[in-house]
Amino acid sequence: MSGKQEFHDHITEGYLSKGESITLGAAMLNGETVANALVKIPLKTLNRHGLIAGATGTGKTKTLQVLAENLSEKGIPVLLMDMKGDLSGIARPSPGHPKIDERHEKIGIPFNPKKFPVEILTLSEQEGVRLRATVSEFGPVLISRILGVSETQAGIISILFKYCDDNKLPLLDLKDFKKILQYATDEGKAEIAKEYGRISPASSGAILRKIVELEQQGGDRFFGEKSFDTDDLLRVDENGMGYINIVRLTDIQDRPKLFSTFMLCLLAEVYSTFPEQGDSGRPELVIFIDEAHLIFKEASDALLDQIESIVKLIRSKGVGLYFVTQNPTDVPDAVLSQLGLKVQHALRAFTAKDRKAIKLTAENYPLSKYYRTDEVLTSLGIGEALVSALNEKGIPTPLAATMLRAPMSRMDVLEENELKELIAGSKLVNKYNQEIDRASAYEMLNEKIEAANQEEAKEKARQEKEAAKEASSGRRSTSRRRSTRSPIEKVLTSPTVIRSVLGILTKLLK
Ligand SMILES: Nc1ncnc2c1ncn2[C@@H]1O[C@H](COP(=O)(O)OP(=O)(O)O)[C@@H](O)[C@H]1O
Ligand SMILES: [Mg+2]
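Reading the values: the criteria
- Residues numbered from 1 in each chain as written.
- Chains lettered and ligands numbered in written order.
- Predicted model: local features only at pLDDT ≥ 70, side-chain atom pairs only at ≥ 80, totals over all residues.
- Buried ≥ 20, exposed ≤ 12 C-beta atoms within 10 Å, placed from the backbone.
- Helix = DSSP H or I, 4+ residues; strand = E, 2+ residues; numbered from the N terminus.
- Pairing = 2+ DSSP bridges.
- Near = placed C-beta within 6 Å.
- Nonpolar A, V, L, I, M, F, W, Y, C, P; charged D, E, K, R; others polar.
- Domains from an automatic or database assignment.
- Contact = placed C-beta atoms within 7 Å.
- Axes fitted to C-alpha atoms, helices over the stretch in contact; angles between N-to-C directions.
- Parallel < 35°, antiparallel > 145°, perpendicular 65-115°, else oblique.
- Left-handed = near helix turned anticlockwise from the far one by under 90°.

**Quick look at the pairing of strand S7 (residues 244–248)**
Within S7, five of the five residues are buried, which leaves it mostly tucked inside the rest of the structure. Side chains Ile244, Ile246 and Arg248 of S7 all project onto a buried face; the interleaved residues Asn245 and Val247 project onto the opposite face, where all are buried too. Bridge count between strand S4 (residues 78–82) and S7: five bridges; the pairing is parallel. From the neighbouring strand, Val78 faces S7, where its bridge partner is Ile244. Pairing of strand S5 (residues 118–122) with S7, which is carried by five bridges, proceeds in the parallel orientation. Looking at S7, one finds that Ile120 is bridged to Ile246.

**Structural notes on the site of ligand 1**
As a matter of local geometry, ligand 1 sits amid 16 residues, with Gly59, Lys60, Thr61, Lys62 and Gly383 nearest to it. Elements that contribute at least two residues to the shell around ligand 1 include exactly helix H2 (60–73) and helix H3 (98–107). Here the residues of the shell around ligand 1 sort into six nonpolar, seven polar and three charged.

**Details of the domain arrangement of the protein chain**
Its domain assignment divides the protein chain into domain 1 (3–132 + 225–425) and domain 2 (135–222 + 437–470 + 480–509). With centres defined by C-alpha atoms, the gap from domain 1 to domain 2 works out at 43 Å. Domain 1 puts 23 residues into the contact, and the matching count from domain 2 is 17 residues. Of all the secondary structure elements, the ones that give two or more residues to the side of domain 1 that touches domain 2 are helix H10 (256–273) and helix H12 (301–314). In terms of residue count, H10 provides more of the side of domain 1 that touches domain 2 than any other element does, 10 residues in total. Its residues assigned to classes, the side of domain 1 that touches domain 2 shows 11 nonpolar, seven polar and five charged.

**Topic: the packing of helix H6 (residues 174–184) against helix H8 (residues 201–216)**
At their nearest, the axes of H6 and H8 sit 10 Å apart, and the two run at 165° to each other. Compared by their axis directions, H6 and H8 come out roughly antiparallel. Helix-helix and strand crossings are classified by hand; for H6 and H8 the assignment is left-handed. Where H6 abuts H8, its residues Leu174, Phe177, Lys178, Leu181 and Ala184 lie against Ser204, Ile207, Leu208, Ile211 and Glu215. Looking at the contact of H6 with H8 residue by residue, the class counts come to seven nonpolar, one polar and two charged.

Listed below in structure tokens is the structure:
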């Protein structure tokens, strides 16, 4: 048996799967693609999370595209965090290219151009379905972690949430949150102190500054209604293809805080709303995060802890998370150690630091008698990668330098008019894109303050009148002084039940 045949069998056996699988490409030996030595990833292990890494221009985003398309084809919905805006082309078929044909010839599988059902989502004013969440939904624990406040300040935030909850004051946007903070040290000071304890103006001021910081990163656009229902991420089209939901984040790159806030909220919401999955043999949803270093870049330790625990737990809900980034070291160790699929594109060895990173990366891959991992890492071509996955039994597959298949959809972005057409045809845009600013804490507290002021004015007038009467009659008043503090119950109006992820998150935090 020739070395090539032996290698072919080694790969084919190593990547054998009884259930459904996705084909990534064919394995390579000594820089040559071995036709039909197919690298297949079982659907069953795709909720075990993954990493796509490699230097710029080596093919990471296209690998993401390939994975997303193949999942969609199997009826599995996908959520893509598109930092550079280069994935919208998935909505149109590939125009084909002689180089693509050549690639597929080598791999040994046919190339069929195809388009996929796409929904465009946005965090900002850009076109697409608006993604929003209310402050209440975040809950005090998560809000505190996002703001990066001290423990004392977190305690105050919890009190304020409790106060709003008890008094049915909906906290929808940051305006509401700021209002209750200000109210707690001003007009409502005595009332809140009586029931919940005193809130120091210094602490509330510190919290306020953190909120303003978040606002400056555009957080105000993200908080509010109508809040996004994560079930809408699970749509399958009439042909049984899973929707590929693309969140356009081109304008968020310089605002890592907003991005990590959004990711954490989304993951928490998905975790709290999705049912526990048995061993269904396929993921419910797969989330890809391109340029993932941005979530970890400016995250505080508390936020990192939170992300790490959600990453761990969300798997049980059938959700796979895939991080796409240049260097594996961009992802925290605690997350790295949980990954099932690793697709490592070429790394460049310019500096001593690079060489060290390569050595470290190589050590994290299974040994193979066919490869010297560190050498392969620097010699891989574009659209080629070292792959290591988990087989159906959860055992690591043999290491495979892989010639990756090409995306079936367009590798280039949609034209402006194509994008408009896509968004015009979206059902979700109508559902989510109306501006709603219903009466919430801000308005209600203002009303309450106004009412209290009027009451006070009336009371003053009454007392003055009484005093005048007393003075004229010489009698002492026996009337009891009425309290000027009107009970907050008077302003309870909204029937909104504050959905809170607090319970779940508190569990998570243990
Ligand atoms: N699997 C692939 N099939 C065909 N061409 C590819 C593939 N992967 C990468 N390429 C080519 O390489 C270019 C860069 O790939 P890209 O995924 O954008 O790199 P990265 O995200 O790592 O910066 C693509 O525009 C495409 O021309
Ligand atoms: Mg890229």
